[in-house]
Amino acid sequence: MWRRTDSAATFLLMNVKTLHRTLNAGAMEAAPKLLGCVIEHHGPCGLRSGMIVETEAYTEDDPAAHSYVGRTARTDPMFRRAGTLYVYLSYGIHNCMNVATADEGRGEAVLVRAIEPIDGVEEMIRARRWKGRPLRNLANGPGKVCQALGISLEYSGQDLLTNGVVRLRPGSTPPPADVDVTPRIGITKAADWPRRFVWKRH
DNA sequence: TATTAGATTGTCT
DNA sequence: GACAATCTAATAT
């Protein structure tokens, strides 16, 4: 039972614990549940945040996962405790962000493919050098998400569940009926595995 | 609206 | 040296 005397910090801690448990269940469990959660970047230019609306699961046995070939300097954060941020460079141009979703030593993660901007939209538009146009295209792709939020390689390995520069906050996950599960995008290995989770919205 | 080519660099073989 | 968990702009319909 919630009592007024319980501090906000305690409430927050419980949330973080729950979130960690959710993430720790593995990529396939965590990917749909990350929908509705919020990514925050507390940077020098203020707060930028967005709600996750699309994810992709990468498990240990997945040939398309970076962790498949083993733990390397680059993929190391993917093997750390659930809630660790893993950022990699894609096609030599784009940064993509993932959340580790298993115990230390297991290489599972969920790729954040799209967010719906909440805070710092102006800053996101500047970061993306966005020229107006439909705002829905501001962060609807993994490379765009990182560019909009200002998340780069140097953040890889940070813990998203503590009060760092980049944080993951629990949110209200959509009911399964509102989630589309489809094959993944932009990969060649095991491309047909249904591991992409999209929050259907109107 | 749909399809296609080109950009560009870290990582692993 | 090959390849990649992508994006944009340009061209075609």
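Source: prediction; values computed, not measured.

Criteria and cut-off values
- Residues numbered from 1 in each chain as written.
- Chains lettered and ligands numbered in written order.
- Predicted model: local features only at pLDDT ≥ 70, side-chain atom pairs only at ≥ 80, totals over all residues.
- Heavy atoms only, no water.
- Helix = DSSP H or I, 4+ residues; strand = E, 2+ residues; numbered from the N terminus.
- Rg over C-alpha atoms; globule rule 2.2 N^0.38 Å.
- Buried < 20%, exposed > 50% of the residue type's maximum accessible area, 1.4 Å probe, protein only.
- Contact = heavy atoms within 4.5 Å.
- Lys, Arg positive; Asp, Glu negative; His and termini not counted.
- Charge placed at Lys NZ, Arg CZ, Asp CG, Glu CD.
- Near = heavy atom within 4 Å.
- Polar contact = N/O pair within 3.5 Å; in protein donor to acceptor, adjacent residues only side chain to side chain.
- Nonpolar A, V, L, I, M, F, W, Y, C, P; charged D, E, K, R; others polar.
- Arc of directions from axis to C-beta.

Visitor: Even after reading the chapter, I still don't get the overall build of chain A, so can you show me in this structure?
Guide: Scanning chain A from terminus to terminus reveals four helices and eight strands. Along chain A, helices (α) and strands (β) appear in the sequence α-α-β-β-β-β-β-α-α-β-β-β when read from the amino end. Taken against the 2.2 N^0.38 rule, which gives 17 Å for 202 residues, the C-alpha radius of gyration of chain A at 16 Å falls within 12% of a compact globule. The C-alpha extent of chain A, read off along each of the three principal axes, is 55 × 40 × 35 Å. In chain A, buried positions account for 44% of the 202 residues. Here the analysis covers contacts within chain A between residues at least 6 apart in sequence; of these, 61% occur between residues at least 24 apart. When the 27 basic and 21 acidic side-chain charges of chain A are each reduced to a single mean position, those positions are 4 Å apart.

Visitor: Sorry if this is basic, but what is going on with the protein's contact with DNA strand B here?
Guide: Taken together, T72, R74, L89, Y91, G92 and I93 make up the full set of residues near DNA strand B. Within 4 Å of the protein, the contacting atoms of DNA strand B are drawn from sugar and phosphate to the extent of 67%. One of the backbone N or O atoms of Y91 is found 2.7 Å from a base oxygen in DNA strand B. When its residues are assigned to classes, the surface near DNA strand B shows three nonpolar, two polar and one charged.

Visitor: Is there a simple way to think about the protein's contact with DNA strand C in this case?
Guide: For DNA strand C, the set of nearby residues contains 22 residues, the closest of which are Y91, N98, K144, G186 and I187. Here DNA strand C approaches the protein such that, of its atoms within 4 Å, sugar and phosphate make up 58%. For DNA strand C, a base nitrogen lies 2.9 Å from a polar atom in the side chain of Y88. At a separation of 3.0 Å, a sugar or linking oxygen of DNA strand C approaches a polar side-chain atom of H94. When residues of the surface near DNA strand C are traced back to their parent elements, those giving at least two are strand 3 (85–90), strand 4 (94–100), strand 5 (109–117) and helix 4 (142–149). Among the elements that take part in the surface near DNA strand C, helix 4 stands out by supplying three residues, more than any other. Across the surface near DNA strand C, the residue classes tally to nine nonpolar, nine polar and four charged.

Visitor: Which parts of the structure should I look at to understand helix 2 (residues 27–34)?
Guide: What sets the pattern is the α-helix's 3.6 residues per turn: residues three or four places apart point alike. Inspection of helix 2 places A27, A30, A31 and L34 among the buried residues, and these make up the whole buried set. All buried residues of helix 2 project into a common sector of 110° when viewed along the axis, lining one side. Remark: G36 follows helix 2 within two positions and exhibits a positive phi of approximately 95°.

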